[in-house]
Structures are given as structure tokens and as C-alpha cells.
Amino acid sequence: MDKTHAMLERNILKQTVRFDNYFGSVKPEILHQTSYVLRWRNSIRAEQGSNLNFGSSLLANFALPKLSNRLQLFIAGENEPGLTTQSLPEDPGNPGFDRTTPTTHFANTELRYELIQNHAVNLFLGAGVRLQLPFEAFARSRFQYIHNLNDILLMRVAETFFVKNTDLFGETTEFSLERLLGVTTLLRWASAGTASKEINGLEWGSELS
């Protein structure tokens, strides 16, 4: 398994570097390495009175410093078993990740341009396409602020404005509190609300985890 993982890692990074070198010409003062983050998740869902349901999701993030040290490429796809309960959006304003009851089959790609990135503030502009027929294009801006209330309590607030070619404008507001209960234990309360032409109203929820 380790050998297979290492081979995949080398090949993916090689293609990422090739893409970055081909399109990129930027030479920043501090050269950041071309890199990527890849998450592949598999799940099995069992319900009384039905068969086992298998699902898989993929999320990839490619940093391309020669193209631009502020530009990142995101690719996501999901084929998860349908949820019986609603949950908060994993990535508001990003089709497939932006609803409490997401579509279980989707794939999309997005380019993000980071305007501000530090320990407290994250602001980016993004544009992408949902890979389905007909294609769904979207653009969004997201601002997130993180504030340490004390050594064990953290607050996050975020605002996302998005537009899609299918349902025009929308926005999502997020708020969360995180508290350390121990070295390996975290208590998190999160809330989010979305208003858009697609919903034709307000969709909101809260989670404790």
C-alpha cells in the first residue's frame, strides 16, 4: 500500500509541476514549491430494510506558484449515499457543497485567487464550473475571520456571496464557536444560513459536534 501511495504521489505531483511550468511565468521573491493536497474518502451506509450503499468523494487542491503565488486550483467530486438528515454546507457557494441537502452525484472545478491569507483573515475570489449537462458556471467571494477569545475558545465568522448562471445571486452567513476540552478533544457549535433565488427564501441550520 505504501509503495502504491508513493507512486501515485510522485505521478500526481509530476503532472502538477508540468502544468505549473507550462502555464506559469511568475517568479515571486520567495519561491513556493508547487504542491497539492488530495483527500479521498469512502463510505458504506447500512439502513434497515435496504441494501448496503457504497459511496466515494474526492477533493483536490493544487498550489501553482509559477502561474501565480495567489492562485489555487480545486477539483471535487462526490458519489455519496444519500443522507437521511440534513447537515450544514461543507463549502458554501460551491455547487454540490452549498446546500444542507446536497446532490449526491457531482463533480466540479474551481480557480481561487487569494486576496488576503493570514492566521486571522482569509479572503478569496473564486470561479468554476460544475461538470454536468448543462454546465453550471459559478463565481463567489468568501471572507472569513478567526478570533481567539482565549487560549481554549475560538470564534469563526464568514460571509460568502455567490452567483450562478442558473439561479443568479445568493449569500451564506456562517458562525461557529470551538472550545478545547482536552489535548485531543474539540467541541464545536456551528450555524449557517443561506438565501438565494434558487431557494426562494432562507435555508438555515445549526450543528453541535
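Refer to the structure above for everything that follows.
A short tour of the structure in this document, coming up. This structure is a prediction, so every number in the text was calculated from the model and none was measured.

A separate point is the overall build of the protein chain. A tally of regular secondary structure across the protein chain gives one helix and 10 strands. For the protein chain, the N- to C-terminal ordering of α and β elements is α-β-β-β-β-β-β-β-β-β-β. When the 209 residues of the protein chain are sorted by exposure, 34% land in the buried category. A separation threshold of at least 6 residues defines the contact pool for the protein chain, and within that pool the share at least 24 residues apart is 40%. Total accessible area on the protein chain stands at roughly 13600 Å², and carbon and sulfur atoms take up 60% of it.

This part takes up the packing of aromatic side chains. Under the defined criterion, the tally for this structure stands at one aromatic pair. For the pair F175 and W189, a centre-to-centre distance of 5.8 Å together with 75 degrees between the ring planes defines the contact as edge-to-face. With F175 in strand β8 (residues 168-180) and W189 in strand β9 (residues 186-196), the pair connects residues that are 14 residues apart, well separated along the chain. A relative accessible area of 28% means that F175 is categorised as partly exposed.

Here we have 10 strands laid out as an open sheet, ordered β1-β2-β3-β4-β5-β6-β7-β8-β9-β10, and antiparallel in their pairing. One side of each edge strand has no neighbouring strand; the edge strands of this open sheet are β1 (35-45) and β10 (201-208). Strand-to-strand twist of the sheet, defined as the mean angle between neighbouring strand axes without regard to direction, takes the value 15 degrees. As paired strands, strand β4 (residues 105-117) and strand β5 (residues 121-130) are joined by nine bridges and run antiparallel to one another. Directly across from T109, in β5, lies its bridge partner V129.

A separate point is the pairing of strand β7 (residues 153-164). In this structure, strand β6 (residues 136-148) lies alongside β7, joined through 11 bridges in antiparallel fashion. Along β7, the bridge assignment pairs R142 with T160. Where β6 folds back on β7, the antiparallel hairpin that results is connected by four residues. Where β7 and β8 come together, 12 bridges link them in antiparallel fashion. Paired with L153 across the strands is R179, a residue of β8. Here β7 folds back onto β8, and the loop between the two strands holds three residues.

As a further point, take the pattern of salt bridges. Evaluation of the coordinates by the stated rule reveals seven salt bridges. Notably, a salt bridge pairs E110 with R140, separated by 2.9 Å at the nearest N-O pair. Remark: R140 occurs in strand β6 and E110 occurs in strand β4; sequence separation between them is 30 residues. No difference in accessibility class separates E110 from R140, as the two residues are buried. One connected set of salt bridges, linked through shared partners, spans D91, E110, R112 and R140.

Further remarks concern the environment of N53. Inspection of the secondary structure assignment puts N53 in strand β2 (residues 53-63). Classification of N53 by relative accessible area gives partly exposed; the value is 32%. Spatially, the C-alpha atoms of N53 and S43 are 8.2 Å apart, while their sequence positions differ by 10 residues.

Calculation criteria
- Residues numbered from 1 in each chain as written.
- Predicted model: local features only at pLDDT ≥ 70, side-chain atom pairs only at ≥ 80, totals over all residues.
- Heavy atoms only, no water.
- Helix = DSSP H or I, 4+ residues; strand = E, 2+ residues; numbered from the N terminus.
- Buried < 20%, exposed > 50% of the residue type's maximum accessible area, 1.4 Å probe, protein only.
- Contact = heavy atoms within 4.5 Å.
- Areas by Shrake-Rupley, 256 points an atom, 1.4 Å probe, with all protein chains shown as cover.
- Phe/Tyr/Trp six-rings, centres within 6.5 Å; stacked < 30°, edge-to-face > 60°.
- Pairing = 2+ DSSP bridges.
- Axes fitted to C-alpha atoms, helices over the stretch in contact; angles between N-to-C directions.
- Salt bridge = Lys/Arg side-chain N within 4 Å of Asp/Glu carboxyl O.

Any functional reading would require information beyond the geometric quantities listed.
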